[in-house]
Structure formats: C-alpha cells, structure tokens
Amino acid sequence: MRVIPLLIGVLLASSVGAQPDVRLRVTKEEHQAIRIAIEDSTEVTSYLKSMHQAFSGFFRWALEVTSYLEIAESTEKGKPQASVHLRGSPREETIAYEITLVDYPSKATIFRRIYSCSDETIKSTAYVAADDIIFALTGRNGIASTRLAFVAGEKSKSHLYVVDLDGSNLRKLTSSPGIVMSPAWSPDGSRLAYVSYRQGKPDLYVVNLSNLATTRFLAFEGLNATPSWSPDGKHLAVTLSKDGNPEIYIISIDGKTIKRVTFYSGIDCSPTWAPNGLEIAFTSDRTGSPQIFVTDIEGLSVRRLTQEGSYNTSPAWSPQGDLIAFVSRIDGKFQICTVDPFGTEITVLTEVGNNEDPAWSPDGMHIAFSSTIGGNTGIYIMKRDGTSKRLIVDGFQLARSPSWTRQARVTSSRGG
Amino acid sequence: MKALITCLVVLSLIATFGCHPKKMRPLVEEQAEVEKQPQPPKTEREAEETQPVKPLEPIEEEQVILDPIHFEFDKYNLTDEAIAILTRNAEVLLKHPDIEIVIEGHCDERGTDEYNLALGEKRAMAARDFLVRFGIEKSRISIVSYGEERPIDPRHNEEAWAKNRRAEFVIR
C-alpha cells in the first residue's frame, strides 16, 4: 500500500467567464482532521506479539484512511483532541482489547468497549474498533471495510477485479483478457454489472460475487453499455443504441420491462441515479459538446447541469444527493469536479495529470477515481473536497473505472 | 491488426499513384490452364504480343480494399476527405454486392471511456449512413464501437490521436 499525499493548490482563478450565475470554486480543506493520540498499554507474550502488531497496524490504517482523523504520536506534542487507550489482555490464543476513547482536554470518557480477536479476525476486529471510534468522533462510517471493483490491464486485454480498500483480497473475475468496461456494484454488494466484448461487441454482463456465476444480461444490437443500478437495486439504467442511436433506457433487473428515457439524435450515455430514484444525470452532446444533463426517469423534463467548458462527462451522483461528480476537460487535461443538482456551483477537485471515472464511497464523503498523477494510470481516493488523495490500486499498467461498494458497512453493536 | 496495417500500407501506395482499387483477376489459374494446353508454334508477332508469364505471388482471393476514414476530436460528422474516401468505398461495395462489412468506430485516448464508446458508435453510424444513402444495402453493414480501446498508434501525441480517431471497414 503506497500512500501519496498531495498538496492541492489554487486552480482556475482566471477561467471563470461567460456564466456569471455559475461559480467555479477552488479546492479547499472542508474539514480539519481530528488529532487523536493512541496510548497502548498492551502487554503480550512473544507468541501473541505479532498478532498485536498486526492489530495495531490495521487499527491505525483504518483510523487514518478516512482522513477524518490524524494520529498524533504523543499526547505531549500536537495537542490531540481525543485519545484512544488500547489495553490488550492475552487469553490463550486470543487477545481481548479494552478500548477507551477519551475526549481532550476534558478527559471525559466517550466510550469504553471490549473487542476480542483471534488470529483469523485480527483485521476485521481492528476495522470494527476503528470504525466505532470514527463514528463516535465524526458521526460518519469508516471506509476501511469497503471494496472496490475496477478494470486493469493493457487496453483490449483487460480483466475485471475486486479488491478490499486496504489492497487485500484481490480477485480477478474474468477468465480471459479482453475489453472490459464500466463495472457497477449493485446496492447490496452482491453483484457487479459490467460491459464486456467477450462475444465481439459491447454487451452487458452481471456477475454474482458469491459464486462468480456470470450472465449475459443485455445483448441488443449495438451498444449495451454504461450500467447504473437504481438505488433499490431493481433496475439498471443503461446506454443502448438498438433504436439507431445511443440513448438511455431503464430496464428491470428481471429483464421484463424496458423504458426509453432520452430522445435525441446525438449521444446520450453514462446515466447515474439520484439517491431518491426519481432523477438520472447523464452525458449528452445535444447542445453541441458533451455536457451533464438531468432528467426525470420518465424522460419528460430535462435540464442542463454544466454550463462551463466544452467537455463534461461521466457523472456520478453522491449518495446524499447533494453533489454530482463528473469529468471536465480543463486546459486540455481531464479533471474531477463536483456540481450541485442545480448547476450553481462547480468545484474542481484535481489539477495534476488526467483524472477520470469518479465513483462515490458508500458514505458519500470520498471519491475514487483513476489518475495519471503517479505516472501509470492508477486508482486513487480523495475526500469529497479534493483533499487527502491516496493511491489505492497500484502495480497495474492501467487500472481504471473504479466502482465502490454502495452499502454502508454494518458497524458493531454499540454496547457499553 | 497486422493484416490491417498491411492493407493500409497498400492503400496508401494506391492513393499515392492515383489509382482506384481494382478487382484483381485470379491470374494463377489462367496461367496453369495455358500451360496445360499444347500450343501451336507462335509467329514472331504473336510472340511479341504474348508477354512471357512472370511468376506471380499466389493470390488466394480477390482483394477488395476499403480505406479508413478519420475524424476531428470529439466529432462524428464526416469531413470532406472522409466523404471522398467513403464515396470510393461505396463504389467498391457496389461493384462487389456479395461483400458484407463491419464498420468499426474508434476514438483517441483523450476523454472518458464511456463517452468515447458512444462517440465511436456515432462515427461508425455516420459512415454506415453515408454508404446506405449511396445505395449500399443496410443489411450488408454491421457496426461496432471500440471506443478508445483499440488504438492503432499507441503513442500519446497529436499524430497518434489523429490516426486513432477513425472508422475502419472490415470485410466479414
């Protein structure tokens, strides 16, 4: 796991122009990270020492990866705002951790809980404990236990993969290399829809992650592309060109109903659902260049969302519904931006290299994306304000098209 | 891909010398027949007219060559150059009513994969619609978009991008 911290500079001060009612905002730190200290008074035998070291490593990573918390190395330096007290007691082949979260400087105890782990459950227990601390301090779910799907490999010789956010449990879901695109995780995390050319053209497949059973879900003439699951998991919005043109359709997951949503002779593609399931944002070139539009799911009223620039594509609606992330061409490079559902304020989140394929974390506080900032195209995550960029998927020549699990992780029982 | 590049080289040579692609006759077979038949002694004049048969490279099938067309960045309308090439391709297809083709739409690497997939589809459609208007039966043409997944020039510069924004005509 390599982590690349990036300084976010000022961007685009000069390129605001024609549309005075649209504000283009520079990236800025939205929330200051909470500084926490970790005090460890665990005493273990040499037999359990490596287990404790592993727990400690997973615990710290899970606390830090959200970027909500910053670990202060000592309570003396850096004035922590909270401290976590770890007291592990060995019990044969397990360790029971009593974890106390203390507010600073009041020293009031926020919670005290016992977490018990064996060799097999070190990581999951460490993540649960860390997520409980994150939730207690920020009211948000952690992301350590989430997963990403992505496409990697030389173009036209790619595979579909899933991986835990910490880089473990990497699984290849395709058996032979080919053109693979646009993985999309079902809301319950059980299935992935994606596009594959395994039969010579872009068809839509759905793979069940529990048994890897794959079905060819859509194979109309022409494009069967850009799947997006409805929030209830019962429908897929897709791009089909079967009626002579790339258009958006909504198809029920049982395949019984199909409804056309867009009607335009140019390109309509890349649908993404609003979390209320009533609207869809998509890309269209109906005004001469690709821009982001929003339509109701009946296709009756359409509004243009992006007014700036000549190339805005790949919309992704946040789980909270308040923002739509998209890709914009700025000075010849491709950057991740966000815009509110009314198109009033655009925020540019990246500025180095080419950045594409935005995908939201289940808590909607982070965005995964593909980027060339490290040379090779890799998959990164950042906070929704563009700060705290971290490389997540590395070691592939070309890793792209991330999709983040959508379900928020179930946190541990919040007992005493 | 190699075959395609060879085709392109051949094509560019033909274009250089200002010729249209022509139907090539299966000369090898004719030559074989001629050799089998007993020949009457030739007069000098006849000998002059009948060139000695040169050894030919074997040609398995008649070659029909269809030029690719190219597009501007983020565009799928046909340029004047593309229309000229498509017109030639249409004439070739009219001469060979038995040939069916796949038009492949391609994009350069810039821009998002998904939009480029749709853009490639529109490029292939634009080429197909032109050929259909020219009188080619729609049933002879299928299309497929490869988006930006199959560049012919892998470099990351203007020259490569210009080559990669294309529609190719592949005989089925």
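Residues numbered from 1 in each chain as written. Chains lettered and ligands numbered in written order. Predicted model: local features only at pLDDT ≥ 70, side-chain atom pairs only at ≥ 80, totals over all residues. Heavy atoms only, no water.

### Side note on unusual backbone geometry
Residues and elements named next belong to chain A.
Phase 1 of the analysis: In this model, Tyr 104 is joined to Pro 105 through a cis peptide bond whose omega is 0°.
Phase 2 of the analysis: Inspection of the secondary structure assignment puts Pro 105 in the loop between β5 (94-103) and β6 (109-117).
Phase 3 of the analysis: One non-glycine residue, Ser 67, lies in the positive phi region at around 70°.
Phase 4 of the analysis: Along the chain, Ser 67 turns up in the loop between α1 (46-65) and β3 (69-72).
Phase 5 of the analysis: What makes Ser 67 buried here is its relative accessible area of 8%.
Phase 6 of the analysis: One non-glycine residue, Lys 107, lies in positive phi territory at about 65°.
Phase 7 of the analysis: As for its position among the elements, Lys 107 is in the loop between β5 and β6. (Helix = DSSP H or I, 4+ residues; strand = E, 2+ residues; numbered from the N terminus. Buried < 20%, exposed > 50% of the residue type's maximum accessible area, 1.4 Å probe, protein only.)

### As for the sheet that holds strand β17 (residues 258-260) of chain A
Residue and element names in this part refer to chain A.
Phase 1 of the analysis: Strand order in the open sheet formed by four strands is β14-β15-β16-β17, and the pairing between neighbours is antiparallel. Pairing within the sheet leaves two strands with one partner each, and these edge strands are β14 (224-229) and β17. On average, each strand axis in the sheet is inclined to that of its neighbour by 25°, with strand direction left out of account. (Pairing = 2+ DSSP bridges. Axes fitted to C-alpha atoms, helices over the stretch in contact; angles between N-to-C directions.)

### Overview of the packing of aromatic side chains
Residue and element names in this part refer to chain A.
Phase 1 of the analysis: With the rule as written, the count across this model stands at 15 aromatic pairs over all chains.
Phase 2 of the analysis: With 6.0 Å between their ring centres and 80° between their planes, Phe 58 and Tyr 127 make a pair best called edge-to-face. Of this pair, Phe 58 sits in helix α1 while Tyr 127 sits in helix α2 (residues 122-138), and the two are 69 residues apart along the sequence.
Phase 3 of the analysis: The exposure class of Phe 58 is partly exposed, given its relative accessible area of 28%.
Phase 4 of the analysis: Since its relative accessible area comes to 4%, Tyr 127 is described here as buried. (Phe/Tyr/Trp six-rings, centres within 6.5 Å; stacked < 30°, edge-to-face > 60°.)

### Thoughts on the layout of surface pockets
Phase 1 of the analysis: The computed volume of the largest pocket comes to approximately 950 Å³.
Phase 2 of the analysis: Lining of the largest pocket is provided by 37 residues; of these, Lys 155, Thr 377 and Leu 398 of chain A together with Glu 109 and His 156 of chain B occupy positions nearest its centre.
Phase 3 of the analysis: Of all the secondary-structure elements, those providing two or more residues to the lining of the largest pocket are β24 (333-339), β26 (355-360) and β27 (366-371) of chain A together with α6 (158-164) of chain B.
Phase 4 of the analysis: Per-element tally for the lining of the largest pocket: the top contributor is β26 of chain A, with three residues.
Phase 5 of the analysis: Class assignment for the residues of the lining of the largest pocket results in seven nonpolar, 14 polar and 16 charged. (1 Å grid on protein atoms, 1.4 Å probe; cavity = no way out; pocket = protein on both sides within 12 Å on 5 of 7 lines; lining within 4 Å. Points joined across faces, edges and corners; volume = space filled by probe spheres on them. Nonpolar A, V, L, I, M, F, W, Y, C, P; charged D, E, K, R; others polar.)

### Examining the interface of chain B and chain A
Phase 1 of the analysis: Facing the 22 residues of chain B at the interface are 36 residues of chain A.
Phase 2 of the analysis: By the criterion of area lost to chain A, the three top residues of chain B are Glu 114, Tyr 115 and Glu 149 of chain B, representing 28% of everything that side buries.
Phase 3 of the analysis: If you look at where chain B meets chain A, you find three salt bridges.
Phase 4 of the analysis: Between Arg 400 of chain A and Glu 149 of chain B there is a salt bridge whose closest N-O contact spans 3.6 Å. (Contact = heavy atoms within 4.5 Å. Buried area = accessible area lost by both parts, 1.4 Å probe. Salt bridge = Lys/Arg side-chain N within 4 Å of Asp/Glu carboxyl O.)

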